[in-house]
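Structural overview
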Amino acid sequence: MSEIAPAEIPQGSNEPVDEGPVWARRTSALWVRYTSSSPIVIAALAVFLGLVFGAIIIATTTPAVLDAWRSIFHHWSGLPVAIKVTFDNVGSAYRAIFTGSVVDPQGFWHSLTTGKGWPNTLTPISETFTYATPLVIVSIGVGIAFQTGLFNIGANGQAVIGGIAGAAVGSMLHLPTILHLPLTLLGGIAGGMLCGALPGVLKAYTGAHEVIVTLMFNYVTYAFLLYAVLSTPFQQPGQSNDIGRTMDPSAILAPLFGTKSGLRVSYGVFVAAAVVVFAWWLLDRSSMGFDFRVTGANPAAARASGINGRRVIVVVFLISGGLAGLAGLVQVASTTHYIDGGFLIGNAGIGFTAITVALLGRNRPMGIVWASLLFAALGVGGRNMQASTGIPLDLATVIQSAIVLFVATPVLVKEIFRLRAAPTATVQLATKGWGS
Amino acid sequence: MQLELRGITKRFGSFTANDQISLKVEPGQIHSLLGENGAGKSTLMNVLFGLLRPDEGEILIDGVVTPINDSGEAVRRGIGMVHQHFMLVPVFTVAENVVLGFEPKKSFDRIDYRAATEDIRRLSQEFHLEVDPDAVIENLPVGLQQRVEILKALSHDAELLILDEPTAVLTPQEIDALMDIMRSLAAAGKSILFITHKLKEVKAIADVITVIRHGQVVGTAEPSASESELASLMVGRDVQLTVTKSTYDPGDEVLEVRDLVVLDDRGLVAVNGVSFDVRAGEVLALAGVQGNGQTELVEALVGMRPVVSGSITLKGRDITHLSPRDALDAGLGHIPEDRQRDGLVLSMSVADNLVLNTPRRAPFARRGTRNLAAVKENAQRLVREFDIRTTSIEAPASSLSGGNQQKVIVARELSRNIEFLVASQPTRGLDVGSIEYVHRQFIEHRNRGNGSLIVSSELDEVLALGDRIAVMFEGRISGIVDPTTSREDIGLLMAGHTTEVAGV
Amino acid sequence: MSLVSTTPVATTTPIIKSARTRVIAVIMAVIGLFSFVVFGLGSTVRSHAALSFTPLNLVNAPWHLGSLTVATRWTDIVLSLIIVALAAEVFIRQPSRGVMPRFGIAAILFLVTLLFWAARTDGPSQVNSVNVTSILVGCSATVMVLVFGSLSGVMCERAGVVNIAIEGQFIAGAFLGSMIASTTGNFFYAAIAGAVVGGLIGLVLAFFALRYQSDQIIVGIVLVTMLSSLSSYLNLQVFTPFPNFNTGNLASNLAIPILSKIPIIGPVLFNQSAFFYLMIVLVAVVSFALFKTRYGLHVRAVGEHPRAAATVGINVVRVRYINVVLGGAIAGIGGVAFMATQGQFQVGYTSGLGYIALAALIFGRWRPSGAVVASIIFGLTVYLSYELVTYQVPVSLYFLQMIPYLITIGVVAGLIGRVRPPAADGQPYLRD
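Residues numbered from 1 in each chain as written. Chains lettered and ligands numbered in written order. Predicted model: local features only at pLDDT ≥ 70, side-chain atom pairs only at ≥ 80, totals over all residues. Heavy atoms only, no water.

What follows is about the overall build of chain A. Looking only at helices and strands, chain A has 17 helices and zero strands in total. Here chain A holds 436 residues, and 55% of them are scored as buried. In chain A, of all internal contacts separated by at least 6 residues, the share reaching a separation of at least 24 is 73%. With an accessible surface of roughly 18400 Å², chain A has 68% of that area assigned to carbon and sulfur atoms. (Helix = DSSP H or I, 4+ residues; strand = E, 2+ residues; numbered from the N terminus. Buried < 20%, exposed > 50% of the residue type's maximum accessible area, 1.4 Å probe, protein only. Contact = heavy atoms within 4.5 Å. Areas by Shrake-Rupley, 256 points an atom, 1.4 Å probe, with all protein chains shown as cover.)

This part is about the packing of aromatic side chains. In the structure shown here, the tally under the stated rule is 23 aromatic pairs over all chains. Measuring from ring centre to ring centre gives 6.1 Å for C:F242 and C:F245, while their planes differ by 70 degrees; the resulting arrangement is edge-to-face. The class of C:F245 is partly exposed, set by a relative accessible area of 27%. Three or more aromatic residues joined by ring pairs form one cluster here, namely C:F175, C:F239, C:F338, C:F345 and C:Y349. Over the aromatic face of B:Y437 sits the side chain of B:K407, whose NZ or CZ is 4.8 Å from the ring centroid. Sitting above the plane of the C:F291 ring, C:R367 keeps its charged end 4.8 Å from the centroid. (Phe/Tyr/Trp six-rings, centres within 6.5 Å; stacked < 30°, edge-to-face > 60°. Lys NZ or Arg CZ within 6 Å of the ring centre and 35° of its normal.)

Residues and elements named next belong to chain B. A full pass over the atoms with the stated rule returns 40 salt bridges over all chains. The partner of E385 in a salt bridge is R381, and the shortest N-O contact between them spans 3.4 Å. Linking E385 with R381, this pair stays in helix α13 (residues 372–385), spanning four residues, or about one helical turn. Taking the relative accessible area as the measure of exposure, E385 reaches 49% and is therefore partly exposed. For R381, a relative accessible area of 29% translates into the label partly exposed. Several salt bridges converge on common partners, so that one network encompasses K200, E227, D460 and R487. (Salt bridge = Lys/Arg side-chain N within 4 Å of Asp/Glu carboxyl O.)

All names here are of chain B. Taken together, the buried positions of helix α8 (residues 227–235) are L230, A231, M234 and V235. All buried residues of α8 lie within an arc of 115 degrees about the axis, which places them on one face of the element. For α8, the elements touching its buried residues are β3 (30–34), α7 (199–205), β9 (208–213), β10 (216–221) and α15 (432–447). Just downstream of α8, G236 is the residue with a positive phi angle, here 95 degrees. (Arc of directions from axis to C-beta.)

This next bit is on the environment of B:V217. Residues and elements named next belong to chain B. As for its position among the elements, V217 is in strand β10. Placed 195 residues apart in sequence, V217 and S22 show a C-alpha to C-alpha distance of 7.4 Å. Contacts of V217, omitting those with residues within four sequence positions, involve I21, S22, T210, V211 and I212.

All names here are of chain A. Domain parsing of chain A yields domain 1 (30–101 + 391–424) and domain 2 (128–371). Facing the eight residues of domain 1 at the interface are seven residues of domain 2. Both sides together, the interface formed by domain 1 and domain 2 hides about 700 Å², and carbon and sulfur atoms give 72% of it. When the buried area of domain 1 at its contact with domain 2 is split by residue, P39, V404 and V407 rank highest and sum to 46% of it. (Domains from an automatic or database assignment. Buried area = accessible area lost by both parts, 1.4 Å probe.)

At the junction of the two partners, chain C supplies 53 residues and chain A supplies 55 residues. A salt bridge links C:R211 to A:E415, with the nearest nitrogen and oxygen atoms 3.2 Å apart. For the pair chain C and chain A, the interface holds seven residue pairs in polar contact (both at pLDDT 80 or more). Secondary structure elements with two or more residues in the side of chain C that touches chain A: α6 (187–211), α7 (216–239), α13 (353–363) and α15 (397–415) of chain C. Per element, the largest residue contribution to the side of chain C that touches chain A is 17 residues, and it comes from α7(C). Within the side of chain C that touches chain A, the residues separate by chemical class into 34 nonpolar, 13 polar and six charged. (Polar contact = N/O pair within 3.5 Å; in protein donor to acceptor, adjacent residues only side chain to side chain. Nonpolar A, V, L, I, M, F, W, Y, C, P; charged D, E, K, R; others polar.)

Here the focus is the packing of helix α5 (residues 166–184) of chain C against α6(C). Residues and elements named next belong to chain C. Contact pair α5 / α6: the axes reach a minimum separation of 8 Å and the direction vectors enclose 150 degrees. Judged by the angle between their axes, α5 and α6 are roughly antiparallel. As for the relative orientation of α5 and α6, their crossing is right-handed in sense. For the pair α5 and α6, the contacting residues are G168, Q169, A172, G173, L176, G177, I180, A181 and T184 in the first and F187, Y189, A190, A193, G194, V197, G198, I201 and G202 in the second. Split by residue class, the contact of α5 with α6 holds ten nonpolar, eight polar and no charged. (Axes fitted to C-alpha atoms, helices over the stretch in contact; angles between N-to-C directions. Parallel < 35°, antiparallel > 145°, perpendicular 65-115°, else oblique. Left-handed = near helix turned anticlockwise from the far one by under 90°.)

This brings us to unusual backbone geometry. Residue B:P363 is reached from B:A362 by a cis peptide bond, and omega for that bond is 5 degrees. Mapped onto the elements of the fold, B:P363 is located in the loop between α12 (350–353) and β17 (365–366). Of note in this structure, A:R362 is not a glycine but carries a positive phi near 55 degrees. A relative accessible area of 27% places A:R362 in the partly exposed class. The phi torsion at B:N417 lies on the positive side, around 55 degrees, for a residue other than glycine. Assignment of secondary structure puts B:N417 in the loop between α14 (402–414) and β19 (420–424). In this structure B:N417 comes out as exposed when scored by relative accessible area, which is 71%.

For a regular strand, the rule is simple: side chains alternate between the two faces of the sheet. Residues and elements named next belong to chain B. In this structure, strand β11 (residues 253–263) lies alongside strand β14 (residues 307–314), joined through six bridges in antiparallel fashion. If you follow R258 over to β14, its bridge partner there is S311. As paired elements, β14 and strand β15 (residues 317–318) share two bridges and run antiparallel to each other. Each bridged residue has a counterpart across the sheet, and for T313 the counterpart in β15 is D318. Between β14 and the antiparallel strand that follows it, β15, lie two residues; K315 among them carries a positive phi value of about 50 degrees. (Pairing = 2+ DSSP bridges.)

Moving on: the sheet that holds strand β6 (residues 79–82) of chain B. Residues and elements named next belong to chain B. Taken together, the six strands give an open sheet; going across it, the order is β6-β7-β8-β3-β9-β10, and neighbouring strands pair in mixed fashion. Every other strand in the sheet has two partners, leaving β6 and β10 as the edge strands with one partner each. Averaged over all pairs of adjacent strands, the angle between strand axes in this sheet comes to 20 degrees, irrespective of strand direction. Sheet analysis places strand β7 (residues 160–164) next to strand β8 (residues 191–196), joined by five bridges and oriented parallel. Looking at the pairing, I162 lines up with L193 of β8. Across the sheet, helix α6 (residues 172–187) lies against β3, β7 and β8, angled at about 150 degrees from β8, the strand it touches most. Along the sheet, α8 contacts β3, β9 and β10; its crossing angle with β9, the most-contacted strand, is approximately 35 degrees.

Turning to the confidence of the model for chain C, a few remarks are in order. Residues and elements named next belong to chain C. Across chain C, pLDDT averages 84, with 87% of residues at or above 70. Here residues 1–17 is modelled with pLDDT under 50, and outside its nearest four sequence neighbours on either side it reaches 42 contacts, counting other chains as well. Across the interfaces of the predicted complex, the ipTM metric reaches 0.85, alongside a pTM of 0.88. (pLDDT = per-residue confidence, 0-100.)

What follows deals with the pairing of strand β22 (residues 476–481) of chain B. Residues and elements named next belong to chain B. Bridging between strand β21 (residues 468–473) and β22 involves five bridges; their strand directions are antiparallel. Across the sheet, residue A470 finds its bridge partner in β22, namely I480. Counted along the chain from β21 to the antiparallel partner β22, the turn is two residues long, and its residue E474 has a positive phi close to 45 degrees.

Residue and element names in this part refer to chain B. Inspection of the secondary structure puts N292 in the loop between β13 (283–287) and α9 (294–301). At 2.7 Å, the side chain of N292 forms a polar contact with the backbone nitrogen of E474. Aside from chain neighbours lying at most four places away, what touches N292 is A270, M472, F473, E474 and G475.

Right, dumping it as structure tokens:
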């Protein structure tokens, strides 16, 4: 949406009056800031609306809740019970998400007072970080593409190929850690790049819309995954199931707190941190990133100012694909250490979540970190919710998509909460129709 | 039809585009609305045509207050509009465009194209507007497309025609033809509201002139008023209609173009064997009606369009097949035709826009990392030197007025130590103050001994700036003449008549 | 100065040939040579296969066509050479029109050579025969679903809104369709429910795209994500505990008297479920409405130049709302039709058909008739890629499954830039 709009003129005067004590002025400035529609406020409210949406879904599909409401038809007195049952169900679902992804307050208190059971207490947050680590990496790749005006829906496929390539390097070569781990990481990046190169080249040289190409590629890579884990060189020797080879200990990303702790959060977080720094430099400080942003904001001006649009497209897809591949590898190397036929399958695949994460994080590296942690928590907590309340994990994805719908529509959020307008830029998005 | 506007006011936020505008158009009258770019003419017409709703004021048709809520209603009330950017669907036929929204119907909601075609033929004959009803719009020349716009309005039984800057895309001869059409329409009792900023045309055709400035009516004038009177009324101060230049003292050849052939987007020949030279200290002005290959020529010069054959030489160096980046680095400056599309990234800051085509050059970057301090310093200096009015160098370019946006581009290009400047329609849509400023910058650039090619479809601008004037028609240069040549002769060249000129 | 009045005639003949045409020619040549070498010269074991025509599902067919034994190896060689010849023609002549139809013919010929090769390849259970009629009947189901999908796309994109949520509308239609069909046993109600839910999704898309000018592709993709996870969620919440809601029943075929008895064509076209006939009617209706009626002229004007439409009093936003909702309803019915050919709802079983329908729409140049032709090519590809598994081809079934997607990519890469979408497709419309 690169529609030309005149600069929004701040309506009325939000300037605090230059009177009164300092604290009052500060609070009123804060109040203005947080009642106006700054991007952060919009994101927070979108998250809230997404959770409300999820609550409505739970309330309207859980048998126990529906039974309680049905009883009202028999007698009015059932109403308070029905309301209570509704809130209980929604509450227990969201409580399960929280305790499953952040911390269980009871366990925390127990550990704090007795000093025991820390590993158990910390498992949820460790799992959230474990899940968020590859998510940050892949989402930054998607975000860089978005900032260049490109929509990489194929990140999941690129992550799959990166995972396979990296796992192959990690399991079929046998080297000391100092060589093996970097080579494995490079293998992941190379796999993703290879897979990202094709949509990039097709887009740059034939104009094929990257959305269709990358979408189709996801299906291709998924078929390839099943082939890979069921065929000789990559399949686990002696197995007939869809399981790939296990990576050497020299190639994995070891747990941060040692294997004994049982906490899976791994050295992968440093890889993610490095990617965040790289992305910040690339987008905010490098000449190349400047070219990317110019191309994303105005392709015609980019061309007129001498930027080679084709090269930008190919390079961005290489970077985006490479990061997705790295993410896929980090996912394997820090959790299972092998790939099976269900690797990154379906909507829960990090490559799909990455689209929503990048949008929620407004394609900025730090925004993506926060958004990844949130969505990782939803995903990890969702598993706990499914285990303890029986509400399917897919609800997490539903909530995530709802959040993104709201984030992509700031005006709607403003209308719902009657916020005043603030001079905020809308997220730079990708569509230019099929012709471009 | 008699139309009266009473106290029309339209605000956008804190900006008042129309402030208490009142005017009256009588039947059979050609009423000219004169005002410079940005004075609020288009806003007023959009209000009248129901595309915008006024905040205050009322519209009276034949003495009756008539609110106009959408353009369909305007059309039903007998108001027809010929838009500056034609409101025609390019892939539709003439007939489909004319009947759109008012289709004669058969059973099952089908369109009665036979009735439609009949109707168009009848109107064509009545008003001498010949056009083939089955032709597809995008295959028609601009002059004929305008005819279709007029036909469309007439087919809806328009009694009042609004013509919004209708001459911008026409040759002088086509303008004459249009004026004949306007006169015959007025003679048939239609009222005409003619919006323009061109003084000559107003004087030639108008019965009554209303001048607006900064959204307000500043006066009415008789067509007998002199051009300078009208100009000072329109701008609000005395305007120098000519540019003062130092004497013409050309140096060596800077740019040499030989037998250039370039294709347009559809693969058709747009530039067909063009040759010319530009010398140091010289402005070659390129005149011609838009769409005769000027755009493609400029794009080829700056590397944005491949050259099929021929050569371009800059100071002895062959730059025919350079990429845009290399062409810019070789010393070409480029002020693009569509500044918001090609010249600026509106969502980015003024500072970034000022280094848009030199982000990798020292001191703005070192080894791939940008030096933001240098970028900032550069922006502060240029904003000062070129008098760019902006709240901050970090403000997005979209927050600047059109004139200041153009100043950003001019500052960027002229501060780059270029050998040669290529400017395309450099003052389109600007107010008179900005036009004067841009012209002054160009002349200073010339006086420093640099060469320039300035492409413009405004004859006034061409005559004011050019040391020599080349005229382009259908991809060829139909003549290179002296700025003392009469308008009529240049008009003939613009219409494709060739010339043999001795001594040029 | 003397002005000589001669008016030069403009030379406006196209002299450029698109490099893309040559790329397509090269791709075709590669396909042709591949099938020539691998299917023709390779695999020399058996050189004949039988072509049978008697349908399996029309037991009391009044006709019987004997099997035809063909020298498949030679057929493959000849067909491959035809592909190569087409490629050479495109490469040398570079025709300005009809490149993609030639590509489509090449694609179909390639599939035929693949099939013949598969039929005679050694395997544990050699088939050695190809039943032409049942292949056509089998792929007609996929074609039908794709036609519904691309027709939905025609409705939306002709009005200037990109509906990438077709996949989601398929999923929702299939889910609700199964539920309604299972509980009522009536596919009429299922189709109504599918249309309603598809239309509602269209309404949501239109609401975000038209009222808030959100990015249409983002909204579409997010809707697909939401609907596919919602379907998985509801599958566990509803269908698993209450299997009665997803019993599954196939829509029964309605044989049209006499016509259905025509050899080969009869079983393919005239012995189908009501959905198939509905699809044919819809294609005709949409074609007529779009190109003959006032409504259609308004729709096309809105998709090409919304501001021009607005200046003659056409309500751009309303036209778009109507079309996106109607398009959504068509896709929703398509989802029900898909479910009716599969028997019951399964999570994820539309496997990107909605996106392939979108590619078919582009291939069909945003015309209903073109969408039908494109859907036949894509439908045949999708069906065969699954069907070939039964032929025990010595190629991993996973590589076969990639074929439709790869062909889609090839088509899209070859087409974009050659075909012209509605000018305002995907652009937000801002009323000033």
